[in-house]
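Read off the chains here:
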Amino acid sequence: MQDGNVFYRRQQCYSIPEKLPELDDYFVAGCKYGGPIALMRDHTKLLALGQGRPPAITRSQIQIYSPAGETLLILSWDQGRIIKFGWTFDERLVVLNEEGVYRLYNLQGDYQQHSLGTEASEVGVIDAKIHDNGLVALTSGFTLLEVKGWEGGRPMSLANPNLSEPPSSWAIIPPDLNISRHIEVLLSVDSTIHTVDNLESVDQRLSRGPFTHVSPSPNGKALALLTFNGTLWVVSADFQRSMAEFETSNVVGAIGQVRQVEWCGNDAILVTWDSLVALVGPFGDVLQYFYRGVPFAVTEPDGVRILSQETCDLIQKVPVSTLSIFKPGSTTPSAILYDAWESFSNKSPKADENIRSIRPELGKAVDECIEAAGHEWDVEWQRKLLNAAKFGRGFLDFHNPTDFVNMGQTLKVLNAVRYYEVGIPLTYSQYNYASPSRLITRLTSRNLHLLALRISNYLSLRPDPVLKHWACAKILRSRPTTTGTGKDAELTADDEICRMIVEKFEQLGGSDVSYAEIAKKAWEVGRAGLATKLLDHESKGSDQVPLLLEMKEDKLALVKAVDSGDSDLVYHVLLHLYKRLPLGTFFRLLEDGGQVLAPASKLLEVYAREQNREMLRDFYYSDDRRVESAVLSLEEASQTVDQSSKISAVKKAQTFFSEDKDRAFEAKVTDESVRLLTFQQQLEAEADHKVKFFGLSINETIRTCILNGLSKRADKIKSDFKVSDKRFWYLKLYALTESRDFEGLDAFSKSKRSPIGYEPFVRHLVEKGFPKEAVAYVAKCDSPKRADLYVECGEWRLAGKECKERNDKSKLE
């Protein structure tokens, strides 16, 4: 194109005669990056029976083929009329029906099902566009619903485009290609296009529509629009700049309507008809390719892949490095280097002359030869270009060999996956964009585990993803042995599969693979015994325990959590089981665990004491721990303010103590405490709640009664609680002194013989500052002490008199 300045090439990836049905009779969806294609019968078209592959007539089927024409999977569909199907970035097939239900199928036939919500199911879906990381659905109410990601999230409504009829065509620009990072929908309405995002719908005010095809470029910066009269118009994505126009009606050999308008990279556009493909360049140059039957085109980031009944081709712009070397008459350093290598191979002296001529640019020429080798499909040409690069490196003093070595490795990998039995026609650019680890995932999804493992080892990648997928696939395909009956038969098979998986992991260096994920797969397919056996090999308790809980292996989960030594993990299990199990079962589980689960019981006790007293009470009760239950009740009594609640809590403690024969003293004491609290409650009621009695000790209660003139009540407490005479006299002495009721004190001292004597009367009164009142009680004290007591009262005269009466000269002196 462009007068020989730009070159495009058609590379045949596979020859597939008669492997695919007539594509005209099918709806087709192609996956990018050399991925598979999905076909579903178009039931609006008649099909002659007996010719080629028999169609699925009785029920809807979706057939999935590799680009090499090999059947990968056949899916049966029973969920209503299919509106659209397409591929995700990770090679899962999205199938959407008219009720808004969509499924994501992997290449094993397993699926996840989600819904667009009630609005879509009530109104119905009439069309959709599916991209790598989401979809946009058009409902019959002409509203747009966007799904972001494939986790089954709630769809989001885009701005209302206010349509009265379906658009003649429409397309989407994915979020990753927009500056705003939001999806943009392009709707062809009447003669214009409406651009719709999550905020607004904008009429671009065009006059050339309506358009039968709207196709954004791979980088999202340009649009290819095809009008009803066959004009192909290329415009910038913001509609500000017209880039090219082309009349498709002028293409020689074009018959019928245009089928597809796809991009070949970001520079050229591919237009397809029945049996014809035209590649249109920026300046109206056209390259034509003819096919047998109806071709189907899939846009790739660096070209376009075309499937027909006979071949799978890749049309792409010739890479700069390849053009630099092989363009006729090229005098670039890389072209001269390649020529020098060929001369050297033919033992021509011209080789030395060529190398000398490009010596300053030899490093660049070597790099171009290495890169050009990556863009070649033919092994012979790859080898030639790498040999030329190696030849050039021999003349360089310093050249980093990393690129050369990496290219050799990459080409080996690419040649392996391009083989028709594998059928992934990846280009070098696509391989670099998608990464080797994603290629490994694609191989395992096709059950090509051995190839994936060899590539992983070759590229020094961890084998874990391959081994994990292989183990899951092994479990899915294994069956319980028929030896024995019932459980025994399955257990035999479980042991065998478990041993096989573990041995394979140890042999191939997959010791770090998480057995928990494989065990989860076993459990999901109904192999609980196998799942438990696999979990025994899991080294991380944090991975083991959640699955065991999900499997309802409660005791085993708790044991593993305790063994891990992770208190947080033990708490996680305990709280999960506490919520899920009946209370009795939960506590019985801990009790039956004995010493093994003793740490769990202690942790539960610590947690419950801080966070959940109700749980702690139930735990003590179920474990028949009467003393701990009683202490807990007393703790609650000490913290509560309500009088009735406090009495009730102490009563409960007394009951627990009384049920333990070794705790008779505690039972008696708590019983007395209940009686005292009840009596104090009555006292407060009699005092109209003006005096506080509740919660006081017996001593304080008696004292308060005396202070408030309730002597009879004080006497009753003495008798009811068997307060000793000595204690009572001391209490009454102190209380009457405090209230300065000296008459009452005198009457009390004369009421009967004092059990504490009268010396405490004297000393207490003196201590409290009442020496005159104390004097009256000295005469009642023992005679040897009277003189000293008079002195303490400050009565020297009486002290002297007492010494004289006792004839105690030394004391008198």
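Here's what I pulled together on the structure shown here. (Residues numbered from 1 in each chain as written. Predicted model: local features only at pLDDT ≥ 70, side-chain atom pairs only at ≥ 80, totals over all residues. Heavy atoms only, no water.)

## Here's the deal with the pairing of strand S21 (residues 242–247)
Okay, so step 1: The pairing of strand S20 (residues 231–236) with S21 spans 5 bridges and is antiparallel. Residue pairing across strands places Thr231 opposite Glu247, the latter belonging to S21.
Okay, so step 2: Taking the residues between adjacent antiparallel strands as the criterion, S20 and S21 are bridged by 5 residues, where Phe239 takes a positive phi near 65°. (Pairing = 2+ DSSP bridges. Helix = DSSP H or I, 4+ residues; strand = E, 2+ residues; numbered from the N terminus.)

## So, the environment of Gly293
Okay, so step 1: Position of Gly293 among the secondary structure elements: in the loop between strand S25 (286–290) and strand S26 (296–300).
Okay, so step 2: As a C-alpha pair, Gly293 and Leu276 span 17 residues in sequence and 8.8 Å in three-dimensional space.
Okay, so step 3: In this structure, Gly293 is in contact with Glu22, Asp274, Ser275 and Gln309, ignoring residues within four places of it in sequence. (Contact = heavy atoms within 4.5 Å.)

## Thoughts on the packing of aromatic side chains
Okay, so step 1: A full pass over the atoms with the stated rule returns 13 aromatic pairs.
Okay, so step 2: Ring centres of Tyr33 and Tyr433 lie 5.7 Å apart, and the angle between their planes is 5°; this geometry places the pair in the stacked category. One end of the pair, Tyr33, is in the loop between strand S2 (26–30) and strand S3 (37–41); the other, Tyr433, is in helix H8 (residues 428–434), and 400 residues separate them in sequence.
Okay, so step 3: Overall, Tyr33 belongs to the buried group, its relative accessible area being 4%.
Okay, so step 4: On the basis of relative accessible area, Tyr433 is assigned to the exposed category, the value being 57%.
Okay, so step 5: Taking 5.4 Å as the distance between ring centres and 85° as the angle between the ring planes, the aromatic pair formed by Phe326 and Trp381 counts as edge-to-face. Highlighted residues: Phe326 in helix H2 (residues 320–326) and Trp381 in helix H6 (residues 379–393), separated in sequence by 55 residues.
Okay, so step 6: Here Trp381 falls in the partly exposed class, since its relative accessible area comes to 33%. (Phe/Tyr/Trp six-rings, centres within 6.5 Å; stacked < 30°, edge-to-face > 60°. Buried < 20%, exposed > 50% of the residue type's maximum accessible area, 1.4 Å probe, protein only.)

## A closer look at the sheet that holds strand S12 (residues 144–148)
Okay, so step 1: Ordered by their spatial adjacency, 4 strands build an open sheet running S10-S11-S12-S13, and the pairing between neighbours is antiparallel. At either margin of the open sheet sits one strand with a lone partner, and together these are strand S10 (125–131) and strand S13 (156–157).
Okay, so step 2: Strand direction decides the pairing type here: S12 and S13, joined by 2 bridges, are antiparallel. Bridge pairing in S13 places Glu146 opposite Met156.

## Describing the pattern of salt bridges
Okay, so step 1: Scanning the model with the defined rule gives 20 salt bridges in all.
Okay, so step 2: Between Glu18 and Arg292 there is a salt bridge, with its nearest N and O atoms 3.2 Å apart. Of this pair, Glu18 sits in the loop between strand S1 (8–15) and S2 while Arg292 sits in the loop between S25 and S26, and the two are 274 residues apart along the sequence.
Okay, so step 3: Taking the relative accessible area as the measure of exposure, Arg292 reaches 43% and is therefore partly exposed.
Okay, so step 4: Ionic contacts of the salt-bridge type, sharing partners, join the residues Glu18, Arg292 and Glu310 into one network. (Salt bridge = Lys/Arg side-chain N within 4 Å of Asp/Glu carboxyl O.)

## A short note on the packing of helix H5 (residues 362–374) against H6
Okay, so step 1: In the contact formed by H5 and H6, the axes pass within 8 Å of each other and the chain directions differ by 160°. By the criterion of interaxial angle, the relationship of H5 to H6 is roughly antiparallel. Pair H5 / H6 crosses with left-handed handedness. For the pair H5 and H6, contact is made by Leu362, Val366, Cys369, Ile370, Ala372 and Ala373 and by Gln382, Leu385, Leu386, Ala388, Ala389, Gly392 and Arg393, respectively.
Okay, so step 2: Residue composition of the contact of H5 with H6, grouped by class: 10 nonpolar, 2 polar and 1 charged. (Axes fitted to C-alpha atoms, helices over the stretch in contact; angles between N-to-C directions. Parallel < 35°, antiparallel > 145°, perpendicular 65-115°, else oblique. Left-handed = near helix turned anticlockwise from the far one by under 90°. Nonpolar A, V, L, I, M, F, W, Y, C, P; charged D, E, K, R; others polar.)

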